[in-house]
Amino acid sequence: MSLLTLFNAMPGAIAQGLIWGIMAIGVYITYKVLDVADLSVDGTMCTGGAVCIMMLMSGAPMWLALIVAVIVGMIAGLATGILHTLMGIPAILAGILTQLGLYSVNLKIMGKANVPINNQKYNLMVSLLYVKNVPFYKNTILIVAICILILVAILYWFFGTELGCALRATGCNPNMSRAQGINTKVNIVLGLMISNGIVAFASALLSQYQGFCDINMGRGAIVIGLAAVIIGEVVFGKLFHNFALKLVAVALGGVIYYAVLQVVIWLGFDTDLLKLLSAIVVAIFLAIPYVKKEYFPKKKQTAKEDK
Amino acid sequence: MLKVENIYKTFNAGTINEKTALNGLSLHLEPGDFCTVIGGNGAGKSTLLNAIAGTWYVDEGNISINGIDVTKMPEHKRAKFLGRVFQDPMLGTAANMRIDENLAIAARRGKARMLSSGITAKERESYKELLKTLDLGLEDRLTSKVGLLSGGQRQALTLLMASLQKPEVLLLDEHTAALDPKTAAKVLAKTDEIVGKDNLTTLMITHNMKDAIAHGNRLIMMDSGRIILDIKGEEKKKLTVEDLLNRFAIASGEELNNDRMILAK
């Protein structure tokens, strides 16, 4: 348990954190922009990887495997969107239904619960073997960082377009949006599709990174995504106001999450308890705004009431 | 311009909370009509505006705007014809978005929203000029989030947004009710100006009888989901609050028992 062990483990934690950071950007779009908590990502976080790995193994080129993974992820988002907007099922429940259905879909895509992929045989884009002692242009950290920058640039452009503005307005004030002629249902579906597409992309990277796709790899993904969103907000919230920078903050939130996790593991924490720890941390951060308002009202407000 | 024919709306039908909010109501507005709407609580004023706006569909009857039947047209499609300002200042604007972005969204009402820029530099300049006319100092805060504005400022902005794309009908749902008297007067003056400039066909709900008399060329009073008084032209110009109270008593067969309206005398 020397510091060197921790130091050696850090590049891996950063790479993994960045990949989960991409996933968290997807969560940010539903949770923050659209104001919908979408749980289907727990399923999509496996679907993207399953599609990508199976396609690579059947000889498809990397770019095609990634595109198809994203498209399949978007279809999962479409399913949640249709359940929610056209069938009136509450968003959380619609997400859970999609997530459950995806479990079977993922099994069918993979044919079994766990599919390994050999990085010697296939030319993978990212891998845990590529974080150290490789030429810098092959380094997974650099490649994922570039993916994030491209993704942020695309999203920054998109949310500045008429359609992107309509999507933001839908999340902010559906009443106003409809009064201004915005079809809020279409926009919610669109947002869910974009979000799940991004998550599927992250999933495709993650399964390559770890060298396998597992049916359970998406379990609790929403919590990790939320954790990254919240950490990014808490750490960089005062610094970053621009939308693009906020997205970068979310990705960095993922890195911090995995770095802290690495430290916790290094300290000898029982790894069986990690998910419980994540859940507790996220619960605390989600509760803070409410607790602050409810139990510790600002002095200004109390003064007014006293009058 | 606006034709509302024999519309009915019952909420919670078949339950103990059943409430007939619109009871065979008909209303025709001519182009350029500025009609004020008064009536007690639960008279169906807001329900009428929501029916026109398409918040939900009416049970029976027809609504048409400028000759186009909109009875079964969903809210966001109908928005093409309508400018709306709500009673709650929070409802009309997107708080997390900037002032100029809100205006840009309103400028695209009724148009297809695709991948062209959500707001252009040229637009921004024109919004600056437009906001100057409000005289609230908003022209210097173009990139501020709307959530930072006061209720009055937000309401004035909503009014501007509602008229940015000239609407066939402007619907104002007690849009000054949540404001302090001074701001309310300012927003009302701005309303008169905007309606007058483009000669907009307008339906304005108010709880203030004086305002209802002072503004517009027509006044309707509602009770139990129906129009019980319709006063226009010369008659409207000579109208006083006393007249209105007396005529309400005759028309509805009971004393006017709405505190808010009586206090507003």
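Residues numbered from 1 in each chain as written. Chains lettered and ligands numbered in written order. Predicted model: local features only at pLDDT ≥ 70, side-chain atom pairs only at ≥ 80, totals over all residues.

1. Considerations on the interface of chain B and chain A
Right, on to step 1. With 25 residues of chain B at the contact, the number on the chain A side is 20 residues.
Right, on to step 2. Those elements giving two or more residues to the side of chain B that touches chain A turn out to be helix H2 (75-78) and helix H3 (99-107) of chain B.
Right, on to step 3. A per-class count over the side of chain B that touches chain A returns 10 nonpolar, 8 polar and 7 charged. (Contact = placed C-beta atoms within 7 Å. Helix = DSSP H or I, 4+ residues; strand = E, 2+ residues; numbered from the N terminus. Nonpolar A, V, L, I, M, F, W, Y, C, P; charged D, E, K, R; others polar.)

2. Concerning the sheet that holds strand S8 (residues 201-205) of chain B
Residue and element names in this part refer to chain B.
Right, on to step 1. Pairing in this open sheet of 6 strands is mixed, and the strands run S6-S7-S8-S3-S9-S10 from one edge to the other. Both outer strands of the open sheet, strand S6 (82-85) and strand S10 (226-232), are each paired with one neighbouring strand and no more. Looking at each pair of strands side by side, their axes are set apart by 15° on average, direction ignored.
Right, on to step 2. Bridge count between strand S3 (residues 34-39) and S8: 4 bridges; the pairing is parallel. The partner of Val37 across the bridge, within S8, is Ile205.
Right, on to step 3. Across the sheet, helix H1 (residues 45-53) is in contact with S3, S6, strand S7 (169-173), S8 and strand S9 (218-223); its angle to S7 comes to roughly 145°.
Right, on to step 4. Sitting on the sheet, helix H5 (residues 151-164) touches S6 and S7, and the angle it makes with S6 is about 175°. (Pairing = 2+ DSSP bridges. Axes fitted to C-alpha atoms, helices over the stretch in contact; angles between N-to-C directions.)

3. Observations concerning helix H4 (residues 91-110) of chain A
All names here are of chain A.
Right, on to step 1. End to end, H4 covers 28 Å across 20 residues, agreeing with the expected 28 Å (1.5 Å per residue, within 8%).
Right, on to step 2. Roughly 25° is the biggest bend found in H4, and it falls at Leu102.
Right, on to step 3. Lining the buried residues of H4 we find helix H2 (41-57), helix H3 (62-86), strand S1 (114-116) and strand S2 (212-214).
Right, on to step 4. Once H4 finishes, Gly111 follows within two positions and takes phi at roughly 85°, a positive value. (Expected span 1.5 Å × (residues − 1). Bend = angle between axes of the 7 residues up to and from the residue.)

4. Re the packing of helix H5 (residues 140-158) of chain A against helix H10 (residues 243-266) of chain A
Residues and elements named next belong to chain A.
Right, on to step 1. H10 packs onto H5 with a crossing angle of 145° between their chain directions and a minimal axis gap of 9 Å. The hand of the H5/H10 crossing is right-handed. Seen from H5, the contacting residues are Ile148, Val152, Leu155 and Tyr156; seen from H10, they are Phe243, Ala244, Leu247, Val248 and Ala251.
Right, on to step 2. A per-class count over the contact of H5 with H10 returns 9 nonpolar, no polar and no charged. (Left-handed = near helix turned anticlockwise from the far one by under 90°.)

5. Things to note about the pairing of S6 of chain B
Residues and elements named next belong to chain B.
Right, on to step 1. Residues Leu82 and Arg84 of S6 are buried on one face, and the alternating residues Gly83 and Val85, pointing to the opposite face, are buried as well.
Right, on to step 2. When S6 meets S7, the two strands line up parallel, connected through 4 bridges. By the bridge assignment, Leu82 is partnered in S7 with Val169. (Buried ≥ 20, exposed ≤ 12 C-beta atoms within 10 Å, placed from the backbone.)

6. Topic: the pairing of S7 of chain B
All names here are of chain B.
Right, on to step 1. With 5 of its 5 residues buried, S7 lies for the most part within the structure.
Right, on to step 2. One ladder, built from 5 bridges, connects S7 with S8; its direction is parallel. Each residue of the ladder has a partner; that of Val169, found in S8, is Thr201.
Right, on to step 3. This β-α-β element, S7 to helix H6 (residues 181-198) to S8, shows right-handed connectivity. (Right-handed = clockwise from strand over helix to strand, strands pointing away.)

7. Let's talk about the sheet that holds strand S4 (residues 60-65) of chain B
Residues and elements named next belong to chain B.
Right, on to step 1. Taken in spatial order, the 4 strands make up an open sheet running S2-S1-S4-S5, and their pairing is antiparallel. Of all strands in the sheet, those with a lone pairing partner are strand S2 (19-29) and strand S5 (68-69), marking the two edges.
Right, on to step 2. Note: S4 against S5, 2 bridges, orientation antiparallel. The residue bridging Ser64 from the neighbouring strand is Asp69, located in S5.
Right, on to step 3. H1 contacts strand S1 (2-11), S2 and S4 of the sheet and is inclined by roughly 65° relative to S2.

8. Focus on unusual backbone geometry
If a residue is not glycine, its phi is most likely negative; likewise, a peptide bond is most likely trans.
Residues and elements named next belong to chain B.
Right, on to step 1. Backbone geometry places Asn66, a non-glycine residue, at a positive phi of 55°.
Right, on to step 2. Residue position: Asn66 is located in the loop between S4 and S5.
Right, on to step 3. Owing to 13 C-beta atoms within 10 Å, Asn66 belongs among the partly exposed residues under this scheme.

9. Examining the environment of Arg84 of chain B
Right, on to step 1. By the secondary structure assignment, Arg84 of chain B is in strand S6.
Right, on to step 2. For Arg84 of chain B, a count of 29 C-beta atoms within 10 Å gives the class buried.
Right, on to step 3. For the pair formed by Arg84 of chain B and Glu193 of chain B, sequence separation is 109 residues and the distance between their alpha carbons is 16 Å.
Right, on to step 4. When residues no more than four places from it in sequence are discounted, the contact partners of Arg84 of chain B are Ala179 of chain A together with Ala53, Ala162 and Leu171 of chain B.

10. Overview of the confidence of the model for chain B
Right, on to step 1. On average, residues of chain B carry a pLDDT of 91, and 95% of them reach 70 or more.
Right, on to step 2. Interface confidence for the predicted complex, expressed as ipTM, amounts to 0.91; the pTM equals 0.92. (pLDDT = per-residue confidence, 0-100.)

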